[in-house]
Amino acid sequence: MGSGTSTQHHFAFQNAEKAFKAAALIQRWYRRYRARLEMRRQCTWSIFQSIEYAGQQDQVKLHNFFSYLVDHFTPSCHNERDFLNRMFAEERVPQDSEMEKCSDYESIEVPDNYTGPHLSFPLLPDHATALVEAFRLKQQLHARYVLNLLHETRKHLVQLPNINRVSTCYSEEITVCGDLHGQLDDLIFIFYKNGLPSPERAYVFNGDFVDRGKDSVEILMVLFAFMLVYPKEFHLNRGNHEDHMVNLRYGFTKEVMHKYKTHGKKILKILQDVFCWLPLATLIDEKVLILHGGVSDMTDLELLSKLDRHKVVDILWSDPMAQEGCKANTFRGGGCYFGPNVTKGLLQKYNLQFLIRSHECKPEGYEFCHSRKVLTIFSASNYYEVGSNRGAYVKLGPALTPHIVQYQANKMTHTLTMRQRISRVEESALRALREKLFAHSSELLEEFKKHDKDKTGLITPSDWAAAVESVLHLGLPWRMLRPQLVNSSTDSMLEYKSWLEDLAREQLSHENIQSSLLETLYRNRSNLETIFRIIDSDHSGFISLDEFRQTWKLFSSHMKIDITDDCVCDLARSIDFKKDGHIDINEFLEAFRLVDQSCAEGNGSDCPQATNTNDSGSSRPGTH
């Protein structure tokens, strides 16, 4: 009996020992598995952010380039001065008479068969709630109501200070939301989860309501409606995307003209002014400062409160950094990086507890930094791709202790495993990166040749990584990414021409265009489309011959080219392939491709004007 019991205990001990060892092995394997997934996630994140910020650099350079042209161009007649005013409308404060003309909604009739939401003013809570429900059902607000709402919004905003001051005394709590970027599902989810705005439930939306997503118009209508219904409980800050020039590049201008073909120009005109009247910051209980981007070592709240809101300021573009000090934000091309000491100095100077800012997408939807004195809140979930990030908002009660709520607005993310989410997002990032690499194929080839001194057609992996970084300047871990970008059976040497051909084949499978022309189009398309929309100053969707002539005068004065109006008109007519008296976006891009092709096939000296045009109009802003 005793011997049998002893044997049973021995076997039980052995089994327990094996179970512990197995559990330890499984834990070790799982930790390594999670670590590998986390490394892939971080690498994917770096790709998305680097490509996004590179685009922002191009946008800032393009704006600076056109601003330089305008600053150094003297209009010779009244028509040229009017054209410049239309092209850069955000550079000046529109007159009230102009706004009254744009917001002439009373002359617009709403047809009897219109089934969308109706608005009457002054707005009531039910009107705002009905808008949310109508947009959830994919209904569109009639242009008359859009213009009426924008007219009332402008009247309200012009009375507001640059810095809104809010108190928790009047509300149970204040909810702060970050970037939405045209993603209506996120806004509806926030209201569903947190509750609709009310006197007891105040909100602050911290800028970047528009661009990138497809429902920017609807988001603005909902936000403006609730602001008019609850002016003391619902507050909006301006973001860097509430800007006419940025909207030209990132989709909002195109969205408005697509949804409101007849009255889109009026809507855009008044929106440009409405954006400029948005407050720059919100102060809760004089203790928590909320602004879109960040601060600098020069930030002065007294000065900020007196600033002309029509001038875009650095606080909309700035980002925090781990290092001490303050330096130019070269990664984005605008604003600055501010360190912990800058944050500490500002908090001490104005007796603040902490800062809330947005502007940066974060994997978890939020992030603390600077010893938890800076909180980043980003409310657009799945920003880069389904599963790429959570959205978040923060709730503040009278104690001002931040309570953060995270969410995923897309139901699909709940059906995917972590590995599936990361794989999906990773493939999307790599696809975008391959497009970026293909767009710079010619420059990469020249850089590879510098490392291939013996002209063998082969380079080492380290030389490949160094060459790619020297061309793209994205700051990515290229050696780590190489196995996913390069199909090679050997780790020792890389046949770079073959790799570039593979990149071209992958892109050509989607487009029926010659490789060299497609490369140029990929590299310059965003700049070209933005330039087209700048020249198309009346947002008609076409460049008129007069708009083309006036813009060419800007370029020719900058390049010191003496060219007559007849020659400019001949050039415009040659681009007008359809011969209908104006140039559409396809004709504009086609002309650029033909110019690039003729320069590539012939001698560069045979087409000096084409080369100059390309340098001034598209490539130059993106290559500095």
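Residues numbered from 1 in each chain as written. Predicted model: local features only at pLDDT ≥ 70, side-chain atom pairs only at ≥ 80, totals over all residues. Heavy atoms only, no water.

Remarks on the overall build of the protein chain
Looking only at helices and strands, one finds 22 helices and 18 strands in the protein chain. Counting across all 624 residues of the protein chain, residues that qualify as buried make up 53%. Carbon and sulfur atoms form 52% of the exposed surface of the protein chain, whose accessible area is close to 29,400 Å². (Helix = DSSP H or I, 4+ residues; strand = E, 2+ residues; numbered from the N terminus. Buried < 20%, exposed > 50% of the residue type's maximum accessible area, 1.4 Å probe, protein only. Areas by Shrake-Rupley, 256 points an atom, 1.4 Å probe, with all protein chains shown as cover.)

So, the sheet that holds strand β6 (residues 288–291)
The mixed open sheet is built from six strands, whose spatial order is β1-β5-β6-β10-β12-β11. Strands at the two margins of the open sheet, each flanked by one partner only, are β1 (163–166) and β11 (366–369). Across the sheet, the axes of successive neighbouring strands diverge by a mean angle of 20°, strand direction being ignored. Across four bridges, the pairing between β1 and strand β5 (residues 281–284) is parallel. Bridge pairing in β5 places arginine 165 opposite leucine 283. (Pairing = 2+ DSSP bridges. Axes fitted to C-alpha atoms, helices over the stretch in contact; angles between N-to-C directions.)

Some points on the packing of helix α9 (residues 252–259) against helix α10 (residues 264–277)
Remark: α9 packs on α10, axes separated minimally by 9 Å, with the N-to-C direction vectors making an angle of 145°. In terms of crossing hand, the pair formed by α9 and α10 is right-handed. Residues Phe252, Thr253, Val256 and Met257 of α9 touch α10, and the partners they reach there are Gly264, Lys265, Ile267, Leu268, Leu271 and Phe275. A breakdown of the residues in the contact of α9 with α10 according to their chemical character gives seven nonpolar, two polar and one charged. (Left-handed = near helix turned anticlockwise from the far one by under 90°. Contact = heavy atoms within 4.5 Å. Nonpolar A, V, L, I, M, F, W, Y, C, P; charged D, E, K, R; others polar.)

What about the pairing of strand β13 (residues 391–396)?
Most of β13 is tucked away, with six of its six residues classed as buried. In this structure, strand β2 (residues 173–177) lies alongside β13, joined through four bridges in antiparallel fashion. Looking at the pairing, isoleucine 174 lines up with leucine 396 of β13. For β13 and strand β14 (residues 403–407), the ladder comprises five bridges, and the chain directions are antiparallel. By the bridge assignment for β14, alanine 392 is matched with glutamine 406. Adjacent in sequence and paired antiparallel, β13 and β14 are bridged by six residues, among which leucine 400 carries a positive phi angle near 60°.

Topic: the packing of helix α5 (residues 143–157) against helix α7 (residues 216–229)
For any two helices packed against each other, one specifies the inter-axial angle together with the distance between the axes. One can describe the packing of α5 onto α7 by two numbers: an axis separation of 10 Å at closest approach and a directional angle of 50°. It follows from the interaxial angle that α5 and α7 lie oblique. Where α5 crosses over α7, the two elements pack in a sense that is left-handed. Contact residues: Val146, Leu149, Leu150, Glu152, Thr153, His156 and Leu157 in α5; Met221, Phe224, Ala225, Met227 and Leu228 in α7. Taken together, the residues of the contact of α5 with α7 sort by class into nine nonpolar, two polar and one charged. (Parallel < 35°, antiparallel > 145°, perpendicular 65-115°, else oblique.)

Some thoughts on the pattern of salt bridges
Overall, the coordinates contain 23 salt bridges when judged by the stated rule. Between arginine 40 and glutamate 426 there is a salt bridge, with the nearest N and O atoms lying 2.8 Å from each other. Highlighted residues: arginine 40 in helix α1 (residues 2–71) and glutamate 426 in helix α13 (residues 418–439), separated in sequence by 386 residues. Judged by its relative accessible area of 11%, glutamate 426 falls in the buried class. Between arginine 136 and glutamate 133 there is a salt bridge, with its nearest N and O atoms 2.7 Å apart. Highlighted residues: arginine 136 and glutamate 133, both in helix α4 (residues 125–136), separated by three residues, approximately one helical turn. (Salt bridge = Lys/Arg side-chain N within 4 Å of Asp/Glu carboxyl O.)

Quick look at the sheet that holds strand β7 (residues 319–320)
Read from one edge of the open sheet, three strands run β7-β9-β8, paired in mixed fashion. Two strands in the sheet have a free side with no partner beyond their single neighbour: β7 and β8 (326–328). Sheet analysis places β7 next to strand β9 (residues 336–338), joined by two bridges and oriented parallel. For aspartate 319, the partnering residue across the bridge sits in β9 and is tyrosine 337.

Description of the side chain of glutamine 183
Counting through the fold element by element, glutamine 183 comes out in the loop between β2 and α6 (184–194). Overall, the relative accessible area of 17% leaves glutamine 183 in the buried class.

Here's the deal with unusual backbone geometry
Cis geometry marks the peptide bond from phenylalanine 121 to proline 122, where omega comes out at 5°. Positionally, proline 122 belongs in the loop between α3 (96–102) and α4. Phi at lysine 138 is positive, roughly 70°, even though this residue is not glycine. Inspection of the secondary structure puts lysine 138 in the loop between α4 and α5.

What to know about the nonpolar core
Counting residues in hydrophobic clusters, the biggest one holds 57 residues, and the most contacted among them are Leu141, Phe205, Met221, Phe224 and Phe234. In this view, phenylalanine 234 contacts Phe191, Pro197, Tyr203, Phe205, Leu223, Phe226 and Met227; residues no more than four positions away in its chain are not counted. (Core = buried A, V, L, I, M, F, W, Y, C linked by side-chain atoms within 4.5 Å.)

Let's talk about the packing of aromatic side chains
The full count for this structure, using the stated rule, is 21 aromatic pairs. Summarising the aromatic geometry, the rings of phenylalanine 191 and phenylalanine 226 are spaced 5.5 Å apart at their centres and angled 70° between planes, so their arrangement reads as edge-to-face. With phenylalanine 191 in helix α6 and phenylalanine 226 in helix α7, this pair connects stretches of sequence that are 35 residues apart. Among the residues examined, phenylalanine 191 registers a relative accessible area of 5% and is labelled buried. Here the aromatic residues Trp45, Phe48, Phe378, Tyr383 and Tyr384 are joined through ring pairs into a cluster of three or more. Over the ring of phenylalanine 368 we find arginine 372; its NZ or CZ atom is 3.8 Å from the centre of that ring. (Phe/Tyr/Trp six-rings, centres within 6.5 Å; stacked < 30°, edge-to-face > 60°. Lys NZ or Arg CZ within 6 Å of the ring centre and 35° of its normal.)

Focus on the environment of tyrosine 393
Within the fold, tyrosine 393 resides in strand β13. Along the chain, tyrosine 393 and serine 379 lie 14 residues apart, while their C-alpha atoms are 6.2 Å from each other. Once residues within four sequence positions are removed from consideration, tyrosine 393 is found in contact with Thr175, Val176, Cys177, Ile190, Lys193, Asn194, Ile377, His403, Ile404, Val405 and Tyr407.

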